[in-house]
Amino acid sequence: MDMLPINISKEWRVFIIIMKHGTSLFATGLPEDISEGALIRHFEHIDRTVQIRSINILRAYGTMKSHGTAIIDFASPEDAERALDKANYTEISGKEMQLMWFRVGGIKDRITGNVFVKNLPLECKSKELYELFSEVGKVVSCRVRYNANGTCRGYGYVQFENKETADKALAEMNGREIRGHKIDVGPFKARGSRNSSINMYNNLFVKCIPRKYTDEDLRNLFASCGEIVSAVIIKERAEDKENRGFGFVCFKRAEDAKAAEEKFKNVQIVEGQPLYICRALPLEEHRKKMREERYKQFKDCNVYVKNLPEDVNDEQLKNEFSQFGHVLSARVMVEKRQDPTTGATEFKSKGFGFVCFNNQDEAKKAVQGVGEQQLFGRSLVAAIAEKKEDRMAKFSHGMYQMHMDMYPPMYHNVRPRRPHVCILRYDFRRPDRGTHVPVSYTHL
């Protein structure tokens, strides 16, 4: 291993580890709670002859939370090659691990050597796509995007070593079939270059549809706007006569979808219920968008309550807090438990919940009232509900301020503050282990 000096500022210099070329692999897609020992056992289970010298799981400074990536150094290039062949795209703790050669400085043609593949079947896996595109040339990395339930989201990325191989893949692989699906292969575009077409879409989500409508009725309603590829109304069961009140309309051209959205927006088909039309999003993105909109709508109106008795339900919580104002919703958070003796499944209260009021004044009144009186025969704790990210940021800032008050920096105006970099050093005292130990900063 070689030590490479890197200048961080005029006053500071640190050294980082550079692995030997040809013996190190870079692993991605690892679980956040993975440990070095679990990763070693995973490789031993696949091939016991592979010898690993060291494993460095990349973690965030301060929190030490794993980024889901690691650098694995093997005893020889042959061991690294066998590990790449046998362990690539294997599952570890329910997640698909991807291996590639570790390269100092990354891949030169990271953009031009990358291709985008869409129209993949739901059952497609990264390994299947990797084996298909390996016919064209050497594949550096291949990744299929998955939903939360493990099914393919219909697209993926294939990274080649250079632009020439990527161009060959565009010419030969476009239109190839995977499990009966003709795939569409195109050049990869960086996120910044996609902004011009971010508002181009042809699939619409339509809500507040009459319950008696059929797919044909929905198609006829939007037929005047342009050519329609498909129009589907969602039902609970296929044999049901009534639908669930929403559906999807897919146009052939994005311009027609935009015109339909403008034409039918707020048009009332059912009296008192105007149509709600927007871009159709994947289920996870739609839920995320709805959560963000709901959070903005009811910001500072939602009250967090803890120290609740175990037998309190949603209705009791709503009735108890109705004395402070109009309660829109009340929810006691529960967890699923299984009785070890009988095996029966039951839901137990976690001891906290949320109460959403009509406005901010009522929410503040509830927080103040909980502090002045007892509810459910005990003292409760209430506060305005916050997003987890905001709450953790405040907590981290408070801990930092407390640390600075307890240990004030000496000579703060004389020397610059130390950079937040995690430094690792090879432990030459234990060459047989090949471990890395964190070391402190050194002023040079």
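Residues numbered from 1 in each chain as written. Predicted model: local features only at pLDDT ≥ 70, side-chain atom pairs only at ≥ 80, totals over all residues. Heavy atoms only, no water.

What follows covers the layout of surface pockets. Reported here for the second largest pocket is a volume of approximately 1000 Å³. What lines the second largest pocket is a set of 27 residues, among which Tyr 295, Asn 302, Phe 354, Ala 385 and Glu 386 lie closest to the centre. At the level of secondary structure, the elements contributing two or more residues to the lining of the second largest pocket comprise α7 (283-297), β20 (302-306), β21 (327-338), β22 (345-357), β23 (381-384) and α10 (388-406). Top element by residues in the lining of the second largest pocket is α7. It accounts for five residues. Of the residues in the lining of the second largest pocket, the class split is 12 nonpolar, two polar and 13 charged. (1 Å grid on protein atoms, 1.4 Å probe; cavity = no way out; pocket = protein on both sides within 12 Å on 5 of 7 lines; lining within 4 Å. Points joined across faces, edges and corners; volume = space filled by probe spheres on them. Helix = DSSP H or I, 4+ residues; strand = E, 2+ residues; numbered from the N terminus. Nonpolar A, V, L, I, M, F, W, Y, C, P; charged D, E, K, R; others polar.)

Below, the discussion takes up the packing of aromatic side chains. Enumeration over the complete set of coordinates arrives at 15 aromatic pairs. Relative to Tyr 157, the ring of Phe 116 lies with its centre 5.5 Å away and its plane at 50°, an arrangement referred to as tilted. In this pair, Phe 116 is assigned in strand β8 (residues 114-118) and Tyr 157 in strand β10 (residues 152-160), connecting sequence segments 41 residues apart. Take Phe 116: its relative accessible area is 25%, and that puts it in the partly exposed class. For Tyr 157, a relative accessible area of 19% corresponds to the buried category. For the ring pair Phe 352 and Phe 354, a centre distance of 6.3 Å and an interplane angle of 85° mean the geometry is edge-to-face. For Phe 352, a relative accessible area of 23% corresponds to the partly exposed category. Geometry around Tyr 295 places Lys 387 over its ring, the cationic atom sitting 5.3 Å from the centre. (Phe/Tyr/Trp six-rings, centres within 6.5 Å; stacked < 30°, edge-to-face > 60°. Buried < 20%, exposed > 50% of the residue type's maximum accessible area, 1.4 Å probe, protein only. Lys NZ or Arg CZ within 6 Å of the ring centre and 35° of its normal.)

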